[in-house]
Amino acid sequence: MAMRPSTLPGAFYRSEEIYRQEIERIFCEHWLCIGRADQIPEPGDYFVQRVGEESLLIVRGQDGVARAFYNVCRHRGSQLCTDASGHYPSSISCPYHAWTYALDGRLIGAPHMRGVSGFDASEYSLYAAALETWHGFLFLNLAKTPEPLAERFVPFTEKLACWELAGLRPARRIEYTIRANWKLLFENFSECYHCPLVHPELNALSNYRSGFNDFVEGIFLGGPMEMNRKGTSLTMSGNRCGPVVGRVAGEDLDRIYYYTLFPNLLLSLHPDYVMFHTLWPQAPDRTDVVCEWLFDPAAFEQAGFDPDDAVAFWDRTNRQDWRICEGVQQGIRSRAYTPGPAGSGVEDLLPAFHRELLAALGSVTEPPNAE
Ligand code: FES
Ligand SMILES: [Fe+2]
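Figured I'd write up the structure that's included with this text. Fair warning: this is a prediction, and the values are worked out from it, not measured in the lab.

### Examining the overall build of the protein chain
Here's step 1: The secondary structure content of the protein chain amounts to nine helices and 16 strands.
Here's step 2: Computed over C-alpha atoms, the radius of gyration of the protein chain comes to 22 Å, within 12% of the 21 Å expected from 2.2 N^0.38 for 371 residues, which places it in the range of a compact globule.
Here's step 3: Projected onto its principal axes, the C-alpha coordinates of the protein chain cover approximately 70 × 55 × 35 Å.
Here's step 4: Of all 371 residues assigned to the protein chain, the portion counted as buried reaches 53%.
Here's step 5: For the protein chain, the share of sequence-separated contacts (at least 6 apart) that also reach a separation of at least 24 residues comes to 67%.
Here's step 6: For the protein chain, the exposed surface amounts to about 16,600 Å²; the carbon and sulfur share of it is 50%.
Here's step 7: Charged side chains of the protein chain number 33 positive and 47 negative; the gap between the two group centres comes to 4 Å.

Below you can see the structure in the form of structure tokens.
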């Protein structure tokens, strides 16, 4: 009997054990988007990024290279940094016994250790994790031997070229905490079946049946939807609220491209701005989300530039999504929940996401059947 695509069993949304496995095998093994390179423009600028129970220090070195280090002192393990972000004038000093590290992670000061026999400071650099910049986004990977990002992202790198994402500048950042499993947010972003009912304002500007998918399998999924009227955008006013981004032209001027990058980036490319969400699981039923809006540098020079026309539109839409996802989480808690049929033509990306998820988890290779 052919397998019928279905949603996942309830345990995937409420089990502590599956959640723990997802953190270990997915969030600690895959490339994660952690924000934008221009969050730390100058040498010494840093921010701290949590991944599950891990804390990583993301810092730009004197050589201009951004690096990631475990936020753990090599002496007796103290956390090095407790602030969420900031600037180191020239080095990183541990608050416990003042071991000091260069911005590239080398141990350069260890009081009273000079005479200790066999002690070699070069063996006590901070532990590093892989960090790459891609289209202006920072990607972190905690795997011991990460698959090279450039190779893994090849098919998608070219697709994004005309938005010239590396040069875009941030206008706003909003953080949300949602009482729902991270996969419900991912799944919800992957279909517009819900748009007429949940997002009437969005559907009035861009019809939910107007789209198609140009990436249908693998770590990148998604495709474009059409604006109902030419020259418009997804804003409160319906007008574009900035100059066209990068080299966007032709039919792309009247499209929104929605992509997911497994496991934690949701990317929405508009003609006049780019919005992205990063997902940060906190518990089986709780996820933190960071949402940012990027514009072409020329927008900031324009008289009367008002990014809030776009920000308010999506902040309202985001909250509509979070509310519905929290309702799904509540429903899935019930003993009455069983997987339902997916892939009705407007939900085709859900089975593809589930295949990627289950392959990454490693114990199952096919989505569970509805039966
Ligand atoms: S634990 Fe950092 S200097 Fe001792
Ligand atoms: Fe939605």
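### Notes on the coordination of the iron ion (ligand 2)
Here's step 1: Protein coordination of the iron ion (ligand 2) is provided by His194 (NE2), His199 (NE2), Asp321 (OD) and Asp321 (OD), with donor distances spanning 2.0 to 2.7 Å.
Here's step 2: Between the four donor atoms coordinating the iron ion (ligand 2), the angles at the centre fall across 54 to 148°, so the site counts as irregular.
Here's step 3: All donors of the iron ion (ligand 2) come from a single chain, and their spacing in sequence reads H-x4-H-x121-D. One end of the pair, His199, is in the loop between helix H6 (195–198) and helix H7 (200–205); the other, Asp321, is in helix H8 (residues 308–332), with 122 residues separating them in the sequence.
Here's step 4: Among the residues examined, His199 registers a relative accessible area of 1% and is labelled buried.
Here's step 5: Accessibility expressed as a relative area gives 10% for Asp321, which makes it buried.

### Digging into the side chain of Glu347
Here's step 1: Position of Glu347 among the secondary structure elements: in the loop between H8 and helix H9 (349–361).
Here's step 2: If near-sequence neighbours (up to four positions away) are discounted, Glu347 is found in contact with Glu191, Tyr193, Pro341 and Ala342.

### Focus: the sheet that holds strand S16 (residues 286–295)
Here's step 1: The sheet built from six strands is open, its strands ordered S11-S16-S15-S14-S13-S12 with antiparallel pairing. Edge positions in the sheet fall to strand S11 (169–178) and strand S12 (220–226), since each of these pairs with one other strand and no more. The sheet shows a mean angle of 15° between the axes of neighbouring strands, direction not considered.
Here's step 2: Pairing of S11 with S16 involves nine bridges; the strand directions are antiparallel.

### Some details on the pairing of strand S13 (residues 255–261)
Look at any regular strand and the pattern is simple: side chains alternate between the two faces of the sheet.
Here's step 1: Burial runs high along S13: seven of the seven residues are buried.
Here's step 2: Across the two faces of S13 the burial is the same, with Arg255, Tyr257, Tyr259 and Leu261 and Ile256, Tyr258 and Thr260 all buried.
Here's step 3: Across seven bridges, the pairing between S12 and S13 is antiparallel. If you follow Gly222 over to S13, its bridge partner there is Tyr259.
Here's step 4: Bridge analysis of S13 against strand S14 (residues 265–269) gives five bridges, and the strand direction is antiparallel.

### Description of the pairing of S14
Here's step 1: Along S14, five of the five residues are buried, which leaves the element largely enclosed by surrounding structure.
Here's step 2: Here S14 shows a buried face lined by Leu265, Leu267 and Leu269 and a second buried face lined by Leu266 and Ser268.
Here's step 3: Joining the antiparallel neighbours S13 and S14 is a turn of three residues.
Here's step 4: As defined by bridge partners, S14 adjoins strand S15 (residues 274–283) across five bridges and the pair is classed as antiparallel. Its bridge partner lying in S15, Leu266 is registered against His277.

### So, the pattern of salt bridges
Here's step 1: One pass over the structure, following the stated rule, counts 17 salt bridges.
Here's step 2: Between Glu164 and Arg247 there is a salt bridge whose closest N-O contact spans 2.8 Å. With Glu164 in the loop between helix H4 (154–159) and S11 and Arg247 in the loop between S12 and S13, the pair connects residues that are 83 residues apart, well separated along the chain.
Here's step 3: Residue classification places Glu164 among the partly exposed positions, given a relative accessible area of 38%.
Here's step 4: Residues Arg255 and Glu251 are paired through a salt bridge, measuring 3.4 Å at the closest nitrogen-oxygen approach.
Here's step 5: With relative accessibility at 9%, the residue Arg255 sits in the buried group.
Here's step 6: Beyond isolated ion pairs, a larger network of salt bridges with shared partners links Glu226, Glu251, Asp252 and Arg255.

Reading the values: the criteria
Residues numbered from 1 in each chain as written. Chains lettered and ligands numbered in written order. Predicted model: local features only at pLDDT ≥ 70, side-chain atom pairs only at ≥ 80, totals over all residues. Heavy atoms only, no water. Helix = DSSP H or I, 4+ residues; strand = E, 2+ residues; numbered from the N terminus. Rg over C-alpha atoms; globule rule 2.2 N^0.38 Å. Buried < 20%, exposed > 50% of the residue type's maximum accessible area, 1.4 Å probe, protein only. Contact = heavy atoms within 4.5 Å. Areas by Shrake-Rupley, 256 points an atom, 1.4 Å probe, with all protein chains shown as cover. Lys, Arg positive; Asp, Glu negative; His and termini not counted. Charge placed at Lys NZ, Arg CZ, Asp CG, Glu CD. Donors = N, O, S within 2.8 Å, 3.2 Å for Na, K, Ca; no water. Tetrahedral: all angles 85-135°; square planar, octahedral: opposite > 155°, others 65-115°. Pairing = 2+ DSSP bridges. Axes fitted to C-alpha atoms, helices over the stretch in contact; angles between N-to-C directions. Salt bridge = Lys/Arg side-chain N within 4 Å of Asp/Glu carboxyl O.

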